[in-house]
Amino acid sequence: MSVTIKDIAKKAGVSYSTVSKALRNSPLVKKPTKIKIKEIAEQLGYQPNAAARSLVQKKSYTVGVIWPTVERVAPSILITKLNELLEEHSYTTLLSINKVDQAIATFNRFQVDAIIVFGELDNVQELSLASTVPILHYGVQTLKDAPTIDVNRQYAIKLGVTHLKELGHEHIAFIGDQSKENTLQRAKLVGFLEGMGLNEKSEIEKLVIPTNGLELHDGYMAAKQLFERQSNISAVISGSYDLTRGILRAANEFDYNVPKHFSIVSYDNIPQSEDLHIELTTVGVPISRIASEITKCVLTMIESKEPTRSVVLEPEININESTRKI
């Protein structure tokens, strides 16, 4: 016979409810009791029955995540951290890289407890209303959006511009994805234009180097284009960590030293920025704080069954050796 929660409760001298909460790592159970229950469960060889738990508690303890890419460094770090935090609360993460409407339909059929959508959609409100499962959006907050975690990309880039200006830089270039359909990246461009006070088309074309994406190769090609102009650019703001890696590769080919020949500020506040040959000055919300806020909002959404408010997180700047005074 298989071991049940009742068996564990009887041996531990506690209620079924306490055992259930302890095995889910609930903060409502005191740590010594939690440790005791988990030890007894292990001794008895208890294996949780996910299907039975789902029927009793009307939860699947799964969260569907709709993901734009598995290739870029920053998103990969974020999903790994998010998965770890959800696991601490006994939730399993299901990842989909399908089209958003298809993924939402699939997750509804699987009856996940919540869905997290990474990316920007014009029809997110329609999709949210059509879903029987609550949806949390990671993007840019607007009046029409579903509950959203907004990391204020626009302000983050403005922080980078302000820092460079304070160091004496006047000729600053921006390298990033400016495709109209990607409003997450457009927000970064708007932050750059506002920070620089640019509105003339000729100046924008001179200082803004568009890319076809946010990968290393995109940054490399954009930087080559910039360096081949032999312009008087003294600083660059990069739209992502992967773009920055490409920019540094191109700089190496042109024998340009950072920060001797130009300073660089990179979007994406991630620990991996320390792994390059130079410590980057970065802007953005720390990846650990983003993951914590997403986890908190998702769990509130699941537990309370009430509408979750959108949250705008405050970006910060970490100043390192890739920027210097001129």
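Applying the stated criterion across every chain yields a total of six salt bridges. Measuring nitrogen to oxygen at the nearest pair gives 3.8 Å for the salt bridge that ties Arg 72 to Asp 242. You can see Arg 72 sitting in the loop between strand S1 (62–66) and helix H5 (73–88) and its partner Asp 242 sitting in helix H12 (residues 241–253), a full 170 residues away along the chain. Summarising the burial analysis for this pair, Arg 72 and Asp 242 share the class buried. With its nearest N and O atoms 3.5 Å apart, the salt bridge here joins Arg 289 to Glu 316.

A separate point is the sheet that holds strand S8 (residues 235–238). The strand order across the open sheet formed by six strands is S7-S6-S8-S9-S10-S12, and the pairing between neighbours is mixed. In this open sheet, the two strands that pair with only one neighbour each are strand S7 (208–211) and strand S12 (316–318). Neighbour to neighbour, the strand axes of the sheet diverge by 20° on average, direction disregarded. In this fold helix H8 (residues 153–166) packs onto strand S6 (172–177), S8, strand S9 (263–267), strand S10 (281–284) and S12, with an angle of close to 165° to the strand it touches most, S9. Those strands touched by helix H9 (residues 183–196) are S6, S7, S8 and S9, and its axis lies near 165° from that of S6.

The next point concerns the nonpolar core. Membership of the largest hydrophobic core comes to 70 residues, with the highest contact counts inside it found for Phe 118, Phe 192, Val 236, Ile 237 and Ile 294. Beyond its immediate stretch of four places on either side in the chain, Val 236 contacts Ala 173, Ile 175, Leu 226, Ile 247, Phe 262, Ser 263, Ile 264 and Val 265.

It is worth spelling out the side chain of Thr 62 at this point. Mapped onto the elements of the fold, Thr 62 is located in strand S1. Here the side chain of Thr 62 touches Ser 60 through a polar contact of 2.6 Å, side chain to side chain. When residues no more than four places from it in sequence are discounted, the contact partners of Thr 62 are Tyr 91, Thr 92, Leu 94, Val 112, Asp 113 and Ala 114.

The rules behind each value
Residues numbered from 1 in each chain as written. Predicted model: local features only at pLDDT ≥ 70, side-chain atom pairs only at ≥ 80, totals over all residues. Heavy atoms only, no water. Salt bridge = Lys/Arg side-chain N within 4 Å of Asp/Glu carboxyl O. Helix = DSSP H or I, 4+ residues; strand = E, 2+ residues; numbered from the N terminus. Buried < 20%, exposed > 50% of the residue type's maximum accessible area, 1.4 Å probe, protein only. Pairing = 2+ DSSP bridges. Axes fitted to C-alpha atoms, helices over the stretch in contact; angles between N-to-C directions. Contact = heavy atoms within 4.5 Å. Core = buried A, V, L, I, M, F, W, Y, C linked by side-chain atoms within 4.5 Å. Polar contact = N/O pair within 3.5 Å; in protein donor to acceptor, adjacent residues only side chain to side chain.

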